[in-house]
Structures are given as C-alpha cells and as structure tokens.
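Survey of secondary and tertiary structure
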Amino acid sequence: QLDQIIIHQQVELLEAILGTETSSKYEIKNALGQRVYFAEEENGCFDRRLCSPLRAFTISIADNAGREVIRVIRPLRCSSCCFPCFLQQV
C-alpha cells in the first residue's frame, strides 16, 4: 500500500555548474525513502530555454522494473489572461 509519496528531483552536474536547465528526472519514494517510481521529463532544449515554466513536456513515470505506468502530457499553451481558453492543462 502506498499512502504517501516523496518526490525528489535529481540534479544534473552540468545543470548545477553551468546553470543551464536539462531534462528533469525525479525519484518517487514511499514514506520509508524507498524508490517506487522514476520519472523523466521529455522536451527539447529550445523549449526549456525559451518557455521555461510554460514549456510543453511529456513526463514518463516508470516502476522499478522500467515499465511505464503513467504518461503525463502537457502541450504548449498560452497563459495570458487575454486568452483564458488557452491556459495550461495536463
């Protein structure tokens, strides 16, 4: 039974040294700190640099055997109050 999760982002050495943003990777752990899932963001360098928090992305969440269990997709959308029908959604 999994009643609590802890999400820990893995920091890439290149990202820490140069301050550039790379594709994010996450460990998803249970309350005991044991990794139960692994998540990896898929997007392009252009998206990360130009649209940082508003960027489009796909996150694949896999179990410890490497089998994808969830795929989260967020398309590129506008977040302007002038276009409320184009707000971010996953």
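Above this text you will find the structure in question.
Since the model is a prediction, treat every value here as computed from it, not as a measurement.

Turning to the overall build of the protein, a few remarks are in order. Within the protein, the secondary structure is distributed over 2 helices and 5 strands. N-terminal to C-terminal, the α/β element order of the protein is β-α-β-β-α-β-β. Relative to its 90 residues, the protein shows a buried fraction of 26%. Counted over contacts in the protein with a minimum sequence separation of 6, partners at least 24 positions apart contribute 23%. Put simply, the protein shows about 6,400 Å² of open surface, and 58% of that area lies on carbon and sulfur atoms.

A cluster of nonpolar residues, L2, I5 and I7, forms a patch on the protein surface that exposes about 280 Å² of accessible area. Relative to the elements of secondary structure, L2 occurs in the segment before β1 (6-10).

The next subject is the sheet that holds β1. What holds strands together in a sheet is hydrogen bonding between their backbones, with the strands either parallel or antiparallel. On the basis of which strands lie adjacent, the open sheet formed by 5 strands has the order β1-β2-β3-β4-β5 and antiparallel pairing. The sheet is open, and its two borders are formed by β1 and β5 (68-74), each paired with just one other strand. Looking at each pair of strands side by side, their axes are set apart by 20° on average, direction ignored. Where β1 and strand β2 (residues 25-29) come together, 5 bridges link them in antiparallel fashion. Residue pairing across strands places I6 opposite K29, the latter belonging to β2.

How each quantity is defined
Residues numbered from 1 in each chain as written. Predicted model: local features only at pLDDT ≥ 70, side-chain atom pairs only at ≥ 80, totals over all residues. Heavy atoms only, no water. Helix = DSSP H or I, 4+ residues; strand = E, 2+ residues; numbered from the N terminus. Buried < 20%, exposed > 50% of the residue type's maximum accessible area, 1.4 Å probe, protein only. Contact = heavy atoms within 4.5 Å. Areas by Shrake-Rupley, 256 points an atom, 1.4 Å probe, with all protein chains shown as cover. Patch = residues over 30% accessible without salt bridge, like charges linked within 9 Å, V, L, I, M, F, W, Y side chains within 5 Å. Salt bridge = Lys/Arg side-chain N within 4 Å of Asp/Glu carboxyl O. Pairing = 2+ DSSP bridges. Axes fitted to C-alpha atoms, helices over the stretch in contact; angles between N-to-C directions.

Coordinates in, geometry out; function isn't part of it.
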